[in-house]
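Residue strings, one per chain:
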Amino acid sequence: MPTTLKEKSLPPSEPHGKPRSRSTCVWLCVVAILTLVASGLGLAFVIPKVINGLAVQRALYYKRHEHIRSAVVSPLIGPEQTFDLAVSVWLRTDEESMTDEIMAFQGDSKKPGFFFPLPPTIPLFSDIVFRGLSLKDKNIFATVNFTLPTAYFRNHFLTDNDLRGSVVLIPTSPSPLDQIMEYSTWIPDFIPVFSVRSWPFPLGSSDVKNKTTADKAVESFGITVPLLQFHNIRQRCHNVEDDFVYDEEEGVSSTTEFKSPLTHHPYIVTRTQIRIMDETSLFDRRAYLEKHRILKQISCQQQRTLFPSIYECDRSYIDVGHVETAMTLQTRDEGGPFDIVYSPYMSLSQTSGPKDLLPIPVHREACSTIEDSVQAAKDDLETIEVSWNLAFSGRSYPKFAFLEEMEKHNVPTRFDMELSEHHRVLAHDEIELNDGVWGHRHHENSHPRRRYLLTALELKFATMIIIFDARYWYTRKTTVAISTIGTLLLAGSNAINAIAPDIAVAMIHSEGASDWFSTLFNITMSLFPAFLMMRAVFRLTGNDSGQSNSRRWIPRQAPLSHAERASRRVENRLSYWTKGAVSTLSLELILIR
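Residue numbers run consecutively from 1 along every chain, following the written order of its sequence. Since the coordinates come from a predicted model, pLDDT governs what is reported: local features require at least 70, and pairs of side-chain atoms require 80 or more to be given and counted, while whole-chain, interface and lining totals use all residues. Calculation of side-chain values draws on the structure's entire complement of heavy atoms; hydrogens and water are dropped beforehand.

**Q** Just to check I follow, could you spell out the sheet that holds strand β2 (residues 83-92) for this structure?
**A** A pair of strands is treated as paired once DSSP finds two or more bridges between them. Every helix listed is a DSSP run of H or I at least four residues long, and every strand listed is a run of E at least two residues long, numbered separately from the N terminus. Taken together, the four strands give an open sheet; going across it, the order is β3-β2-β5-β7, and neighbouring strands pair in antiparallel fashion. Only two strands of the sheet have a single partner each, and these edge strands are β3 (121-133) and β7 (223-226). Here the strands of the sheet are splayed against their neighbours by 20° on average, with no regard to which way each runs. Between the N-to-C directions of two axes lies an angle of 0 to 180 degrees, each axis being a line fitted to C-alpha atoms and, for a helix, fitted only over the stretch in contact.

Take a look at the structure:
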């Protein structure tokens, strides 16, 4: 059979295209992996060092080698000291409906002075929930069950503090608190503060007695957190008469003022993490008392506002920390001043997901007709049973400071509570996974860090597969021993798997151009190996025939070599019926799986 001029352009068994180096991509992969590992180890080593170097309490540390009792401030909670946590739940109520018995529960929220008092509240629960804890304990779980009346939440104007929780640390005896003589807190006496524990304690106790100095001291460094969030809810009225602006806020609002009842319905937050700083160092007495004095003079925006309130008090570790409360004891060294101990620092974290939000069953819309209002309110309940899930963990300074700084810049997510159950589960799973990375496990048997590690490994190996897959098809110089139809089907399958899921997720969860750009980048990276597979099958090469620059970028199809033609003939021996049967069987196996 005569040989044509086109076939003479390529040796009989020589593959088409230029030979390419096989080691370049391998070395790039090795360098990339080593870079990632080195950067991860470097960050894990450097970040704690940097945080420790910037510690705001470092200037207070006692630096002398000899221990002088009169020159130090000791921790109230030492390494061996155990403590209990008292938890309370508070509900705002109207002033006119309060009795003298309820008013007695207000505690320090009715301090005398020329400042406006805080809204009146009543305790729904107040008792010790955690017992025998230490600073080293982690992932200790408990649940607080209480009954919530819903009548107040029919009001149009609500705030997130209308339902709130509080935590008070109570050292177990014996402790330095047994010898307390007086205490000083960072909040001035003329500013009313939230009640953090019912009195008498626990709630419903018949032991009526006055608070001791120790009781007031532990309440002075108690913490409180709102238990309400406002999200959208399904419309009950057929016709609604309102003139509200349906805003598109990104974060969660702290009030329903000038908000629509449909977009800002009250939900109860049913999950909270309690954190405590694992700090037992000795502080320099002079430096500590000086900082406490200055903090008490400038706290709560006293120098900037005429009527400072508790809402202006920025209680963060950077600004307050262990200088929050200084307690003077009755003990002292011979001839020296009385001993002083500093309070532990606690904080509360709420990064709740959609499954942690419980809607309050009340109707708050303004229906156009009375019949419509009655029909809409038929599912209202006078009370609701609530389970508040709590988790406790002690944290070292680097972890604690990092988490608090991250939460300071974190905007609470405003969920669409009308999405399907499937999408709410996905959104909640993402919140739970992120919380677990920072050390907050939602359940005792959950292991989010393992999931995150497996997900990271999956992403890493998937990226490596794409790189090596692209490397293989890029350096493939012949179509010998590969199936043309099979390779095209595989490339099409990879293309569909790269495009369809990412587009579907982006259409549901995309929130801007950046999300679409990220989706487009992921699709491009996933499609790259499929493009190289088709390039290898169609034998596309660069145009090096010396043509003009305008046509040099147009790829050309290389001729088949003798080996490639022989491989093509072997592939064509298989009938199309057989190929179709194998493809159908493979598809059925995939669908069954």
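**Q** What am I meant to see in the sheet that holds strand β16 (residues 383-395) here?
**A** Hydrogen bonding along the main chain pairs the strands of a sheet, whether they run parallel or antiparallel. Read across the sheet, four strands follow the order β4-β16-β10-β14 without closing on themselves; strand pairing throughout is mixed. Both outer strands of the open sheet, β4 (140-149) and β14 (346-349), are each paired with one neighbouring strand and no more. Each adjacent strand pair in this sheet contributes to an overall mean axis angle of 25°, direction not counted. Each of β10 (271-277), β14 and β16 is contacted by helix α7 (residues 397-408), which is oriented at about 135° to β10, the strand it contacts most. Residues count as neighbours in contact if any of their non-hydrogen atoms are within 4.5 Å of one another.

**Q** Would you mind showing me how to read the state of the cysteines here?
**A** By definition, a disulfide is the covalent link that joins the sulfur atoms of two cysteine residues. Any pair of cysteine sulfurs within 2.5 Å is marked as a disulfide. Within the structure shown, the criterion is met by one disulfide. In this model, C300 is linked to C313 through a disulfide, with the two sulfur atoms separated by 1.8 Å. What sets the handedness of the C300 and C313 disulfide is the S-S torsion sign, and at about 100° it is right-handed. Note that C300 is positioned in the loop between α5 (285-298) and β12 (325-332) and C313 in the loop between α5 and β12, a separation of 13 residues in sequence. Looking at C300, the relative accessible area reads 3%, which means it is buried. By relative accessible area, which is 13% here, C313 ends up buried. Relative accessibility decides the category of a residue: with a 1.4 Å probe and only protein chains considered, values under 20% of the type maximum give buried, values over 50% give exposed, and everything between is partly exposed.

**Q** What is the right way to read the pairing of β14 from this model?
**A** Walk down a regular strand and you will see the side chains alternate between the two sheet faces. Side chains M346 and L348 of β14 all project onto a buried face; the interleaved residues S347 and S349 project onto the opposite face, where all are buried too. Pairing geometry for β10 and β14, over four bridges, is antiparallel. In the strand pairing of β14, Q273 is matched with S349.

**Q** Please explain α5 as it appears in this structure.
**A** Every α-helix carries 3.6 residues per turn, so stepping three or four residues along brings you back to the same face. Here the expected span of a helix is defined as 1.5 Å times the quantity of residues minus one. Taking 1.5 Å of rise per residue, 14 residues should cover 20 Å, and α5 covers 20 Å from first to last C-alpha, within 8% of that figure. Here α5 has its buried residues at R285, Y288, H292 and L295. In a view along the axis of α5, the buried residues occupy a sector of 100°, so they form one face of it. Check the buried side of α5 and you find it contacts β1 (72-75), β6 (180-185), β11 (283-284), β12 and β13 (338-342). The definition of a polar contact used here is a pair of N or O atoms within 3.5 Å, where within protein one atom must be able to donate a hydrogen and the other to accept one, and adjacent residues in sequence count solely through side-chain atom pairs. In this structure D284 caps α5, since a side-chain oxygen of it lies 3.2 Å from the backbone nitrogen of R286. Backbone geometry just downstream of α5 places C300 in the positive-phi region, at approximately 60°. As used here, the arc belongs to the directions running from the helix axis to the C-beta atoms.

**Q** Please clarify how the nonpolar core should be interpreted in this entry.
**A** Note on soluble globular proteins: their nonpolar side chains tend to be buried together. F83, L85, V89, F146, L148, F153 and L163 are the most contacted members of the largest nonpolar core, which has 55 residues in total. Here this core gets six residues from one element, more than from any other, and that element is β2. Among residues more than four places away in sequence, those in contact with L163 are V89, W90, L91, L124, L148, F153, P226, L227, L228 and I268. Working definition of a nonpolar core: buried Ala, Val, Leu, Ile, Met, Phe, Trp, Tyr and Cys residues. They are joined through side-chain atoms within 4.5 Å. Of all hydrophobic cores here, the second largest spans 20 residues; its members include W186, V193, F194 and C300.

**Q** Looking at this model, I keep getting lost on the confidence of the model for the protein. Mind explaining?
**A** Regions with low pLDDT should not have their predicted coordinates read in detail. Residues with a pLDDT of 70 or more make up 77% of the protein, whose mean pLDDT is 79. Per-residue confidence from the prediction method is given by pLDDT, with values spanning 0 to 100. In this model residues 1-14 is a low-confidence stretch, pLDDT under 50, and it forms 14 contacts with partners more than four residues away in sequence or in other chains. Counted against residues more than four places away or in other chains, residues 96-114, with its pLDDT under 50, gives 40 contacts.

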